[in-house]
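Now for the letters of each chain:
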Amino acid sequence: SQQGEEDPQALSIQEGENATMNCSYKTSINNLQWYRQNSGRGLVHLILIRSNEREKHSGRLRVTLDTSKKSSSLLITASRAADTASYFCATALGSSNTGKLIFGQGTTLQVKP
Amino acid sequence: SQTIHQWPATLVQPVGSPLSLECTVEGTSNPNLYWYRQAAGRGLQLLFYSVGIGQISSEVPQNLSASRPQDRQFILSSKKLLLSDSGFYLCAFKGGTAGYNEQFFGPGTRLTVL
């Protein structure tokens with residue numbers, strides 16, 4: 001079964017608005033990461049939040065992690081048309097030796113100019 | 001700087017034909033290497049990972065195999081392709097200097113089996 005489930009599956013907003021995507025997972029994690037994928041391209045790492053962290057910022061990105069609810073959210077503020085992409089959460093389980101990540105199904109974000 | 005290359009970018013193959021996709025990494029040594037498959041509109045499924053030369057772990061039973069003949073080379077193969085092997089294949093690495101668990105992805109190969 002999937003470790004990460006994302007909500008919503010698709011999101012359409014106007015440029016300048018904020019976009020919020022949520023991710024839920026099932027088992028204890030070491031860290032949680034968010035990735036971005038432009039259509040037909042590889043994934044790009046956005047931000048990593050460790051299990052002992054609650055919030056992290058990077059530019060217009062804000063990530064929260066609630067380990068008691070096994071959930072995370074990604075907020076993109078003041079969205080731009082260039083933010084149009086699919087966004088995936090990925091959870092890292094166990095030790096860093098293997099570095100295995102379990103990816104969610106993703107949220108497709110469309111930002112209209 | 002660290003870079004990752006995959007080729008070919010697109011591939012159309014008949015059912016029953018062999019497959020060889022190659023991935024190479026530059027700018028890091030002894031990386032962990034990963035092969036993923038992504039179905040249209042879906043998330044990534046981890047197929048194989050390798051923590052060193054000649055060390056391959058398979059995550060799901062399938063028609064594919066992987067090999068790591070050199071430290072920074074990862075190959076995905078099949079002897080006979082099935083229709084269900086169609087998809088977008090992504091190679092990724094996690095290096096010693098790349099941070100804890102962060103992965104860097106190649107551009108991907110779009111495989112269509114007809």
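Criteria and cut-off values
- Residues numbered from 1 in each chain as written.
- Chains lettered and ligands numbered in written order.
- Predicted model: local features only at pLDDT ≥ 70, side-chain atom pairs only at ≥ 80, totals over all residues.
- Heavy atoms only, no water.
- Phe/Tyr/Trp six-rings, centres within 6.5 Å; stacked < 30°, edge-to-face > 60°.
- Helix = DSSP H or I, 4+ residues; strand = E, 2+ residues; numbered from the N terminus.
- Buried < 20%, exposed > 50% of the residue type's maximum accessible area, 1.4 Å probe, protein only.
- Salt bridge = Lys/Arg side-chain N within 4 Å of Asp/Glu carboxyl O.
- Pairing = 2+ DSSP bridges.

Asker: Run through the packing of aromatic side chains, naming residues and quoting values.
Answerer: Following the criterion strictly, the structure yields 9 aromatic pairs over all chains and no others. Where Tyr35 of chain A meets Phe103 of chain A, the ring centres are 5.4 Å apart and the plane angle is 55 degrees; that geometry is what we call tilted. A residue pair is termed long-range when its members are at least 10 positions apart, and Tyr35 of chain A in strand E4 (residues 31–37) and Phe103 of chain A in strand E10 (residues 101–103) qualify at 68 residues. Judged by centre distance (6.3 Å) and plane angle (35 degrees), the ring pair of Tyr34 of chain B and Tyr36 of chain B falls under tilted. When sorted by exposure, Tyr34 of chain B lands in the same class as Tyr36 of chain B, which is buried. Linked through ring pairs, Tyr35 and Phe103 of chain A together with Tyr34, Tyr36, Tyr49 and Phe105 of chain B together constitute an aromatic cluster.

Asker: Describe the pattern of salt bridges, naming the residues involved and giving the relevant values.
Answerer: All names here are of chain A. Tallied over the full model, the rule gives 7 salt bridges over all chains. In this structure, Asp83 and Arg60 form a salt bridge, with 2.9 Å as the shortest nitrogen-oxygen distance. You can see Asp83 sitting in the loop between strand E8 (71–76) and strand E9 (85–92) and its partner Arg60 sitting in the loop between strand E6 (55–58) and strand E7 (61–66), a full 23 residues away along the chain. Note on Arg60: relative accessible area 23%, which makes it partly exposed. Each of the salt bridges in this network shares a partner with another, and the network as a whole consists of Arg36, Arg60 and Asp83.

Asker: So what about the pairing of strand E6 (residues 55–58) of chain B? Which residues, and what values?
Answerer: All names here are of chain B. In this structure, strand E5 (residues 44–52) lies alongside E6, joined through 3 bridges in antiparallel fashion. Paired with Tyr49 across the strands is Ser57, a residue of E6. As consecutive antiparallel partners, E5 and E6 are separated by 2 residues, and within that stretch Gly54 has a phi angle of approximately 75 degrees, a positive value.

In short, geometric facts, not functional conclusions.
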